[in-house]
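Below, each chain spelled out in residue letters.
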Amino acid sequence: MLTGMAQGARVHFDDLLFLNAAAEASLHCTAVAAAGSESAGGTPVLAMNADEAKGVEHFEVVLDVRPEVGYRYQVCAMKGVLYFNFGMNETGLAMAGTFLFMNSEEAAKARVPMLVYFSILNRCATVAEAVEVIRSLPKADVGLVLYLADSERFLRVEQTAMDREIEIVEDGLRWNANFPNSQTMAPEGMLEEMTDVNSLFARNRIERLQHFSEEFRGAFDVAAMHTSLSDHGVEGERTHMR
């Protein structure tokens, strides 16, 4: 696929390959979903951000995909990068996906491309249909979390090469900041032992999300999601990120 993109855009394949590798290594994302009593309106709310360098915003685009077969969908993506961040199809099924930073051994392995998972927007109208598609796919060989939401519930999927956790939530709040919530995938104390830049980011974001989960308990709506996801920590404290 990258070869075809390079030929169509008339750019060198090596440059496009570097762009995809660099973007993946630098993307810091947070996803939040609420439903039932945790949602202000009672219906599911799903939101995601991408904490990137400010210059990256010039490369963000919205793609309107109109396939000959399946559902039309719109997704947010970066120019020249072979995966999407989040989107929604014409039935109202919303999806957000991001990486889970684990360890260097897992990160070095191959995996199912993110585009394969985003084909769910083309194929599915409900969370139940999405679960069946996900179960039919091989486990990702690098940490990956997916959130999907329809009009009644949301789905959270955390997976690595060794494990996959699928949870359908009709009443509750869940969030990820590039680190798994699953105790199987991330035993207690694992995050504190990691010292790379990505894990430090995740640690700060998790601390802030814990704060907002209490502040907006039972009242998550679009405004609360925006406040939580646009937060950069408390200036002067360890959580502050410029």
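The model shown is predicted, which means the values in this text are computed figures rather than measured ones. All residue numbers refer to position in the chain's written sequence, counted from 1. Local features in this predicted model are restricted to residues whose pLDDT is 70 or higher, and side-chain atom pairs enter the listing and the counts only when it is 80 or higher, whereas totals over whole chains, interfaces and linings include all residues. Note that water and hydrogens are dropped before the side-chain values are worked out from all heavy atoms of the structure.

A. Here's a closer look at the packing of aromatic side chains. Think of it this way: a Phe, Tyr or Trp ring, Trp meaning its six-membered ring, pairs with another when their centres are within 6.5 Å, and the plane angle makes it stacked under 30 degrees, edge-to-face over 60, tilted otherwise. Using the criterion set out here, one finds three aromatic pairs in the structure. A ring pair is formed by Y147 and F154, whose centres lie 6.4 Å apart and whose planes are at 40 degrees; its orientation type is tilted. The cut-offs for exposure are 20% and 50% of the maximum accessible area for each residue type, with area from a 1.4 Å probe on protein chains only; residues under the lower value are buried, those over the upper are exposed, and the others partly exposed. For Y147, a relative accessible area of 0% corresponds to the buried category. With a relative accessible area of 1%, F154 lands in the buried category. Here a set of aromatic residues connected by ring pairs shows up, and it is made of F212, F216 and F220.

B. Structural context of the sheet that holds strand 7 (residues 144-149). With antiparallel pairing, the seven strands of this open sheet are ordered in space as 3-4-5-6-7-8-9. Across the chains shown, the open sheet's two edge strands, defined by having one partner strand only, are strand 3 (60-65) and strand 9 (164-169). Adjacent strand axes in the sheet meet at a mean angle of 15 degrees, parallel and antiparallel pairs treated alike. Residue contacts are defined here by distance: any two heavy atoms, one from each residue, within 4.5 Å place the two residues in contact. Only C-alpha atoms enter the line fits that serve as axes; for helices the fit covers just the stretch in contact. Angles between N-to-C directions range over 0 to 180 degrees. Here a strand is any run of E in DSSP of at least two residues, a helix any run of H or I of at least four, and the numbering for each starts at the N terminus. Together, strand 7, strand 8 (154-159) and strand 9 form the strand contacts of helix 6 (residues 127-136), whose direction differs from that of strand 9 by roughly 175 degrees. Only when DSSP finds a minimum of two bridges between them are two strands counted as paired.

C. Spatial organisation of the confidence of the model for the chain. Predicted confidence across the chain gives a mean pLDDT of 82, with 78% of residues reaching 70 or more. Predicted confidence in the chain is weakest over helix 3 (residues 104-107), with a mean pLDDT of 50, and strongest over helix 5 (residues 120-123), with 95. For every residue, the pLDDT score states the predictor's confidence, bounded by 0 at the bottom and 100 at the top.

D. Inspection of the sheet that holds strand 2 (residues 45-51) at higher detail. Strand order in the open sheet formed by three strands is 2-1-10, with antiparallel pairing between adjacent strands. Each edge of the sheet is formed by a strand with only one pairing partner; in this case those strands are strand 2 and strand 10 (172-176). Across the sheet, the mean angle separating the axes of adjacent strands is 10 degrees when strand polarity is ignored. With seven bridges joining them, strand 1 (residues 28-35) and strand 2 adopt antiparallel strand pairing. Within strand 2, the position partnered with T30 by the bridge is N49. Contacting strand 1 and strand 2, helix 9 (residues 222-229) crosses the sheet at an angle of about 25 degrees to strand 2.

E. Representation of helix 6 within the structure. Turning to helix 6, its buried residues are V127, A130, V131, V133 and I134. Seen from one end, helix 6 has its buried residues packed into an arc of 165 degrees, which puts them on one side. Across from the buried face of helix 6, at angles greater than 90 degrees, the exposed residues are E132, R135 and S136. Among the structural elements, helix 5, strand 7, strand 8 and strand 9 are those in contact with the buried residues of helix 6. To obtain the arc, one takes the directions from the helix axis to the C-beta atoms.

F. Structural context of the pairing of strand 1. Buried residues dominate strand 1, accounting for eight of its eight residues. Neither face of strand 1 is left uncovered, since the one carrying H28, T30, V32 and A34 and the one carrying C29, A31, A33 and A35 both have all their residues buried. Examined bridge by bridge, strand 1 and strand 10 share five bridges and lie antiparallel to one another. Within the sheet, the bridge partner assigned to A35 lies in strand 10 and is G172.

G. Summary view of the environment of D14. Its place among the elements puts D14 in helix 2 (residues 13-26). Judged by relative accessible area, which is 45%, D14 ranks as partly exposed. Residues D14 and L2, spaced twelve residues apart in sequence, show a C-alpha to C-alpha distance of 9.6 Å.

H. Representation of the pairing of strand 6 (residues 94-99). Counting buried positions over the six residues of strand 6 gives six, a clear majority of the element. Neither face of strand 6 is left uncovered, since the one carrying A94, A96 and T98 and the one carrying M95, G97 and F99 both have all their residues buried. Strand direction decides the pairing type here: strand 5 (residues 84-89) and strand 6, joined by three bridges, are antiparallel. Opposite M88, over in strand 6, you have A94 as the bridge partner. Joining the antiparallel neighbours strand 5 and strand 6 is a turn of four residues, in which G92 adopts a positive phi near 95 degrees. Of the pairings in the sheet, the one linking strand 6 to strand 7 comprises six bridges and is antiparallel in character. Note on strand 7: the bridge partner recorded for M95 is L148.

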